[in-house]
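Examination of the molecular architecture
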Amino acid sequence: MRTSYTLGLLGLALLTACGQQPAPAAPAAVADAARNVATVAEAFVTPMTPADNIDSPASWTTPDGQRWLIATAKATDKLVVYDGQTGAHLRDVGSTGTAPGQFMRPNGIAVVDDLVLIVERDNHRVQVLKLPDFTPLGVFAADDLRKPYGLWVNRHDSGYDVYVTDSYDAGEDAQGNDVLPPLAELDKRVRRYAMTVQGDTAQGTLVSSIGDTSEAGALRVVESIWGDPANDRLLIAEEDETYASEIKVYTLAGTFTGTTIGRDAFQAQAEGVMLRTCGKDGWWITTEQGKQRSVFHLFDRHTFKHVGAFQGNTVANTDGIWLDQRASSRFPNGVLYAVHDDQGVVAFDWASVARQLSLPLECAP
């Protein structure tokens, strides 16, 4: 997501009154070679469809072992389904509208079990479909969300927790730029829902609203989000480049921990974030949305130490990413999917990433 924001006069007044100033912009970019960015060749690139404005991917393995790669097309209000092993286009799902199975600017997507959840920015809702037939099971959150973008689903014994980012604004300025609300009004940047599925019906109930209102912890422009239940962490990408490109670390309950990562590493907008587990250890995979080339940064799961970065031969301007750790015939060690320039999706064989960054392929339980 690339959104131009201006700070509302009220928000600016609040900052001034508190003696706080926005953080300086990120330093000018330097050559990738100077910061040790490895190159990993893409395993495939899907067909490019510029009219679709592809935003975010997710994947699912069918009962007979096929891998589907499902991406949101926010300009054409549909889902695009590719072969997750080859990138070949398989089918499109959905149309423009408000009825079940229809979409208005679908953005974030997640797959869990045999469910696919889609955030619709312009319908202000989360829609739940059942695979493999993409059968509509229900919608929720329309009474709460204003401008939603991304989501993360936490499956647990009693159901699912669904975290949805909401990048609402305070109108537009004279130049047509979105106006950022004052910090005091950023307390609902993430909404947490309890989702249950019974038979052919999915329902979601609002549990809490999340958003620190301090200078350091506030979520100014949000989309990508992912969690680590084993360590009670919720990572949220801060995309306001006028403030900082970084990842803020919250607890699952919604408390800002005081930790941010990536500000010194990112030279473009912070975007997609995922967790690659390796037993009790692993790596956070984050995206630097470079216009000419996307860079993917890895941080230690526990310490957040930067452990490496890589780019592809062509992938650029990446919005969403999706990591599938399950073995498949093409990708026995898993695969990372990344959106390419709003037009399609690329795949990275995890084995190739691990070799380039000297990461272990075998993980202790």
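Rules used throughout
- Residues numbered from 1 in each chain as written.
- Predicted model: local features only at pLDDT ≥ 70, side-chain atom pairs only at ≥ 80, totals over all residues.
- Heavy atoms only, no water.
- Helix = DSSP H or I, 4+ residues; strand = E, 2+ residues; numbered from the N terminus.
- Rg over C-alpha atoms; globule rule 2.2 N^0.38 Å.
- Buried < 20%, exposed > 50% of the residue type's maximum accessible area, 1.4 Å probe, protein only.
- Contact = heavy atoms within 4.5 Å.
- Areas by Shrake-Rupley, 256 points an atom, 1.4 Å probe, with all protein chains shown as cover.
- Lys, Arg positive; Asp, Glu negative; His and termini not counted.
- Charge placed at Lys NZ, Arg CZ, Asp CG, Glu CD.
- Phe/Tyr/Trp six-rings, centres within 6.5 Å; stacked < 30°, edge-to-face > 60°.
- Lys NZ or Arg CZ within 6 Å of the ring centre and 35° of its normal.
- Pairing = 2+ DSSP bridges.
- Axes fitted to C-alpha atoms, helices over the stretch in contact; angles between N-to-C directions.
- Polar contact = N/O pair within 3.5 Å; in protein donor to acceptor, adjacent residues only side chain to side chain.
- Core = buried A, V, L, I, M, F, W, Y, C linked by side-chain atoms within 4.5 Å.
- Disulfide = S-S within 2.5 Å.

A few points about the overall build of the protein chain
Looking only at helices and strands, the protein chain features two helices and 27 strands. Relative to the compact-globule value of 21 Å for 365 residues, the protein chain shows a C-alpha radius of gyration of 19 Å, a close match. Referenced to the eigenvectors of the C-alpha coordinate spread, the extents of the protein chain come out at roughly 60 × 50 × 40 Å. The buried share of the protein chain, taken over its 365 residues, is 56%. Put simply, of all contacts in the protein chain between residues at least 6 apart along the chain, 52% involve residues at least 24 apart. Accessible surface for the protein chain amounts to roughly 14,300 Å². Of this, 49% is attributable to carbon and sulfur atoms. Charge-centre separation for the protein chain: the mean point of 30 positive side chains lies 3 Å from the mean point of 46 negative side chains.

Focus on the packing of aromatic side chains
As enumerated under the stated definition, the model contains 14 aromatic pairs in all. On the basis of an interplanar angle of 55 degrees and a centroid distance of 5.4 Å, the ring pair of Phe 140 and Tyr 193 is categorised as tilted. In this pair, Phe 140 is assigned in strand β11 (residues 135-140) and Tyr 193 in strand β15 (residues 190-198), connecting sequence segments 53 residues apart. The exposure class of Tyr 193 is buried, given its relative accessible area of 1%. With a centroid separation of 6.3 Å and 35 degrees between ring planes, the pair formed by Trp 283 and Trp 350 is classed as tilted. Of this pair, Trp 283 sits in strand β22 (residues 281-288) while Trp 350 is found in helix α2 (residues 350-357), placing the two residues 67 residues apart along the sequence. Grouping residues by exposure puts Trp 283 and Trp 350 together as buried. An aromatic cluster of three or more residues is present, and its members are Trp 152, Tyr 163, Trp 226 and Trp 322. Here the basic side chain of Arg 189 rests over the ring of Tyr 168, its NZ or CZ set 4.4 Å away from the ring centre.

Quick look at the sheet that holds strand β13 (residues 159-166)
The pairing of strands in a sheet comes from backbone hydrogen bonds and takes either a parallel or an antiparallel form. Spatially, the four strands line up as an open sheet ordered β12-β13-β15-β16, and their pairing is antiparallel. Looking along the sheet, the strands with just one partner apiece sit at the ends: β12 (148-156) and β16 (201-210). In this sheet, neighbouring strand axes are inclined to one another by 25 degrees on average, regardless of whether the strands run parallel or antiparallel. Relative to β15, β13 runs antiparallel, the two sharing six bridges. When the bridges of β15 are listed, Tyr 160 appears paired with Met 195.

Brief notes about the side chain of Asp 52
Within the secondary structure, Asp 52 sits in the loop between β3 (44-45) and β4 (54-61). A polar side-chain atom of Asp 52 sits 3.5 Å from a polar atom in the side chain of Lys 78. Each residue touching Asp 52, except ones within four places of it in the same chain, is listed here: Ala 73, Lys 74, Ala 75, Thr 76, Lys 78 and Val 80.

Overview of the nonpolar core
Within the largest apolar cluster, 95 residues are counted, with the highest numbers of intra-cluster contacts made by Leu 117, Phe 134 and Phe 310. Dropping the residues within four chain positions of it, Phe 134 is found in contact with Trp 68, Ile 70, Leu 79, Val 81, Arg 91, Val 93, Val 116 and Leu 129.

Observations regarding the state of the cysteines
One pass over the structure, following the stated rule, counts one disulfide. Between the sulfur atoms of Cys 278 and its disulfide partner Cys 363 the distance amounts to 1.9 Å. What sets the handedness of the Cys 278 and Cys 363 disulfide is the S-S torsion sign, and at about -100 degrees it is left-handed. Of the two residues, Cys 278 is situated in strand β21 (residues 270-278) and Cys 363 in the segment after α2; the sequence distance between them amounts to 85 residues. Relative accessible area serves as the criterion here: at 31%, Cys 363 is assigned to the partly exposed category.

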